[in-house]
Amino acid sequence: MNQTCTVKKYTFGTPFPTHAVVREVPAETGEVQELLVKGEGRVLQLLLDAEDIVFGLGEQVRGLNKRGWKYISNNTDESNHAEGKHSLYGSHNFLLVDGIEKIGLFVDTPGRVTFDIGYSMSEQMRIEVEDPDYDLYVITGPSSDAVVRCFRGLIGRSYIPPRWAFGYGQSRWSYETADEVREVVREHRERGIPLDMVYLDIDYMDQYEDFTVDETKFPDFAGFVQEMKEQHVHLVPIIDAGVKKAEGTYPVYDEGMEKGYFCKDESGKPYEVAVWPGRSYLPDFFREDVRTWFGDQYRSLLDLGIDGFWNDMNEPAIFYSDRRLKETFEKIGEFQKQNLDVHSFFEFLDTITGLFNSPEDYKALWHDTEVGRVCHDKVHNLYGALMTRAASEGFRRAEPEKRVLMFSRSSYIGSHRDAGIWQGDNKSWWSHLKLSVQMTASLNMCGFLYTGADAGGFADDVSPDLLLRWLGFAIFTPLLRNHSMRGTRRQEIWRMVRTEECKQILSLRYAFLPYIYSEYMKAAFADDMLFKPLAFAYPEDHRARHVEDQLLFGEGLMLAPVVEQNAWGRYVYLPEDMKLLRMRSAQDYDEEILEKGDHWVPAMEHEVLVFIRPDRLVPFGSGSAMYVDEVSETGLSVLGYVKTKASYELYTDDGVRRVERLEDGELSRFESFR
Ligand code: MIG
């Protein structure tokens, strides 16, 4: 299919090497003259037809179709994923214009890019690249599917986690002690709620120092990791980007300082910032030796039996810097002498909040890169990606044979080869459940297959019905984690009032696991998406093309999650006849064949709607597993909607050995005739 696409690369100036693209593409000479794309210097313009859909941009606010808003690639620790925002944690500068022509655009630059997609003028897309040095890739092809695959071929194969990472994980900021973690595990096991991992948030560390463990809260950590393993639970600790300043007591800091591994200011002095631990330094991940050093630090935890991590605060988030704090205190002193009126009062407030993630700090930081000294501001959107790359390369050295779970908060295209990402600090809001449905497909286009949102929502208080509905979608996302913020209502399933129903929904995850794993691996090896907008499969169907809240999931299924409170069901559009499964658990569901067209489909809060496409089969287990290693691929049953004949190829492997191609696992074939 890829052969039918055309890729053209236009190089402007001398772009910074992002390593997002792994294939050599010779650059065109001359102006950008692709179809409707007009490029001049830092501005690219494209006229949009009324029917055109613009997909892409990965982790961003708003819908699948990005038209009608201005999006800015500028990695931000944004705790409010509101409609009015322009940037989240990652920069994924890939767009797909899906009209009569299918055009993929990838703007490869680690600096800021503004995508005005019919926001200033409805029928025009205007892309403004801040840095005059960048690469532009223009891909044209016969279908959206082909263009995305072609793009994915350019950026390389998506990250493959261990199979256990497809299990259910419970998280909280934070489980503070080993006993608290034991309680989480006990409650799940005793009540028969499946569980594969418990996440450790910042409080497991000794004074928020990366790669340390607080021995008073987690005595004999190695023994504890082992004890959890015996219960088939993986502990997944967090690692933050900032390294605490602690002279003489923290070897990571001492070594980093001695060897000059931290980001510096313009004069070459290490630049002090503050994050969780207070005063800290940011490793200069742009340097290969620093990546090696930092990547090797993970070994201290790997050696204790840890086999998964999440990387946080790597946009990088900066609470304040020494320099800016001083300025702020001075300013506050001036305010003290004033009568604060409507202007000065708000200026006063902004003076303090402006400390957080200040662009001034990003301008003050410098990196030693493979192409010389560069101001952070110019390469900002790559910082998190390089932290993740450091980890990924470290894992390859420490565990050459084994897959390690890794997902990050910040990312750039290219990170999808090293890790997954979670969708950051969302809220326990219905609109954020819907956002996650849309974002997951957008991320898939950009290569991020191992992804998911904090199920139930991170900030604010969850309601039992929201958790049920959220799980009803999240059981299909590769990363399935219930995580919530300090101070919010407890969100563990066993502490909620509808425990039994949540548990039954989770059983579906384990019943579908052979399918989910198989489809994930096939998507990864074929540069395909796991979640697709309907437009990808039904390009001629005008109704289907504009559906924003239903997704195809793998080759056989369509999902239509309920994302509204107090709904007793929802309207579903079927682009063709499908078999509906209204599922309450792996054992309890009803089936109905629905004709192409619109349907009101009842679905109570504890019911999940799953649609099987015609002539497709879906392997299905009993759902009785309490953890992934208990899911057997033998003795599976098959769900299907067979009109004439259907077959399915199931992928299996040992789940931990690194695999590079489909043939490294085993394929077995199911068939069914009518
Ligand atoms: O800004 O480690 O997104 O998942 O619980 C707070 C504490 C820092 C942000 C992460 C969130 C995590 C939290 N962290």
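Anyway, here's the lowdown on the structure attached to this text.

The rules behind the values
- Throughout this document, residue positions are counted from 1 along each chain, in the order its sequence is written.
- Per-residue local features of the predicted model are confined to residues with pLDDT of at least 70, and side-chain atom pairs are confined, for both listing and counting, to 80 or more; whole-chain, interface and lining totals are unaffected and use all residues.
- Note: side-chain values were computed over all heavy atoms of the structure, leaving out hydrogens and water.
- Classification of residues uses two cut-offs on accessible area relative to the type maximum, computed with a 1.4 Å probe and protein chains only: under 20% is buried, over 50% is exposed, and between them is partly exposed.
- Only DSSP runs of H or I reaching four residues or more are called helices, and only runs of E reaching two or more are called strands; each is numbered from the N terminus.
- Note on contacts: a residue pair qualifies if any of its non-hydrogen atoms lie within 4.5 Å across the two residues.
- Being near a molecule or strand, for a residue, comes down to having at least one heavy atom within 4 Å of it.
- Identification of polar contacts relies on pairs of N or O atoms within 3.5 Å, with a donor-acceptor requirement for protein atoms, meaning one able to donate a hydrogen and the other able to accept it, and with residues adjacent in sequence counted only if both atoms are side-chain atoms.
- Calculation of accessible area relied on Shrake-Rupley with a 1.4 Å probe; when residues are assessed, cover is drawn exclusively from the protein chains displayed.
- Like-charged residues are merged into a patch within 9 Å and nonpolar side chains (Val, Leu, Ile, Met, Phe, Trp, Tyr) within 5 Å, provided each residue has over 30% relative accessible area and no salt bridge.
- Any Lys or Arg side-chain nitrogen found within 4 Å of a carboxyl oxygen on Asp or Glu counts as a salt bridge.
- A 1.4 Å probe that fits but cannot get out identifies a cavity on a 1 Å grid over protein atoms alone, an open set with protein on both sides within 12 Å along at least five of seven lines counts as a pocket, and a residue lines either if it has an atom within 4 Å of a point.
- Grid points are joined across faces, edges and corners, and a volume is the space filled by probe spheres set on the points.
- Under the scheme applied, nonpolar residues are Ala, Val, Leu, Ile, Met, Phe, Trp, Tyr, Cys and Pro; charged residues are Asp, Glu, Lys and Arg; polar residues are all the others, including Gly.
- Criterion used throughout: strands pair if DSSP finds at least two bridges between them.
- Aromatic rings from Phe, Tyr and Trp, taking only the six-membered ring of Trp, are treated as a pair when their centres fall within 6.5 Å; an angle between ring planes under 30 degrees marks them as stacked, one over 60 as edge-to-face, and anything in between as tilted.
- Each axis is a line fitted through C-alpha atoms, and for a helix only the stretch in contact is used; angles between axes span 0 to 180 degrees, taken between their N-to-C directions.
- Roughly parallel means an angle under 35 degrees; roughly antiparallel, over 145; roughly perpendicular, 65 to 115; everything else is oblique.
- Left-handed describes a crossing whose near helix is turned anticlockwise from the far helix through less than a right angle; right-handed describes the clockwise counterpart.
- Disulfide assignment relies on a single distance test, namely cysteine sulfur atoms paired within 2.5 Å.

### Structural notes on helix α5 (residues 288-297)
Then, number 1: Those residues of α5 not exposed but buried are Val290, Arg291, Trp293, Phe294, Gly295 and Gln297.
Then, number 2: Its buried side turned inward, α5 meets β14 (234-240), β15 (243-244), α4 (251-258), α6 (299-302) and α11 (383-398).

### Remarks on the site of the ligand
Then, number 1: Taken together, 13 residues lie around the ligand, and Asp201, Asp312, Arg409, Asp425 and His483 are the ones closest in.
Then, number 2: In the model, an oxygen atom of the ligand is placed 2.5 Å from a nitrogen or oxygen of the Asp201 side chain.
Then, number 3: For the ligand, an oxygen atom lies 2.4 Å from a polar atom in the side chain of Asp425.
Then, number 4: Protein chains shield 95% of the accessible area of the ligand, which is 350 Å² for the free molecule.

### Here we look at a nonpolar patch on the surface
Then, number 1: On the surface, a cluster of nonpolar side chains totalling about 420 Å² of accessible area is made up of Leu340, Val342, Phe345, Phe346 and Leu349.
Then, number 2: Looking at the element boundaries, Val342 is found in helix α8 (residues 342-353).
Then, number 3: Look at Val342 and you get exposed, because its relative accessible area is 57%.

### Overview of empty space enclosed by the protein
Then, number 1: Under the definition given, this model contains 5 cavities of 30 Å³ or more.
Then, number 2: If you trace the largest cavity, you find 14 residues lining it, with Gly472, Pro561, Val562, Val608 and Leu609 closest to the centre.
Then, number 3: Per-element accounting of the lining of the largest cavity gives the leading share, 4 residues, to helix α13 (residues 464-474).
Then, number 4: Taken together, the residues that form the lining of the largest cavity break down as 10 nonpolar, 1 polar and 3 charged.

### Observations regarding the pairing of strand β11 (residues 134-141)
Then, number 1: Counting buried positions along β11 gives 8 out of 8 residues, so the element sits mostly inside the fold.
Then, number 2: Of the two faces of β11, the one lined by Tyr134, Leu136, Val138 and Thr140 and the one lined by Asp135, Tyr137, Ile139 and Gly141 are each fully buried.
Then, number 3: Relative to β11, strand β1 (residues 6-12) runs antiparallel, the two sharing 7 bridges. Of the residues in β11, the one forming a bridge with Lys8 is Val138.
Then, number 4: With 7 bridges connecting them, strand β8 (residues 102-108) and β11 associate as antiparallel partners.

### A short note on the packing of aromatic side chains
Then, number 1: With the rule as written, the count across this model stands at 50 aromatic pairs.
Then, number 2: Taking 4.8 Å as the distance between ring centres and 45° as the angle between the ring planes, the aromatic pair formed by Tyr261 and Trp293 counts as tilted. With a gap of 32 residues between them, Tyr261 in the loop between α4 and β16 (272-275) and Trp293 in helix α5 connect regions that are remote in the sequence. Here Tyr261 and Trp293 have matching classes, each one buried.
Then, number 3: Residues Tyr298 and Phe395 carry aromatic rings whose centres are separated by 5.4 Å and whose planes lie at 85° to one another, so their mutual orientation is edge-to-face.

### Some details on the packing of helix α2 (residues 178-191) against helix α3 (residues 221-230)
Then, number 1: With their axes 12 Å apart at the nearest point, α2 and α3 run at an angle of 0° to one another. On the basis of the axis angle, α2 is roughly parallel to α3. Across the interface between the two elements, Ala178, Val181, Arg182 and Val185 from α2 touch Phe224, Glu227 and Met228 from α3.
Then, number 2: Residues of the contact of α2 with α3, tallied by class, amount to 5 nonpolar, no polar and 2 charged.

### Details of the packing of α5 against α11
Then, number 1: Where α5 meets α11, the axes come as close as 7 Å, and the angle between the chain directions of the two elements is 65°. For the crossing formed where α5 meets α11, the hand is right-handed. On α11, the residues that touch Arg291, Thr292, Phe294, Gly295 and Asp296 of α5 are Leu386, Met387, Arg389, Ala390, Ala391, Glu393, Gly394 and Arg397.
Then, number 2: For the contact of α5 with α11, the residue count by class is 5 nonpolar, 3 polar and 5 charged.

### Things to note about the environment of Lys427
Then, number 1: Mapped onto the secondary structure, Lys427 falls in the loop between β24 (420-422) and α12 (430-445).
Then, number 2: At a separation of 2.9 Å, a polar atom in the side chain of Lys427 contacts the main-chain carbonyl oxygen of Ser79.

### Quick look at the state of the cysteines
Then, number 1: Under the definition given, this model contains 0 disulfides.
Then, number 2: Here Cys263 is not disulfide-linked; the sulfur of Cys375 is the nearest cysteine sulfur, at 11 Å.
Then, number 3: Free cysteine: Cys446, not disulfide-bonded; nearest cysteine sulfur from Cys150 at 14 Å.

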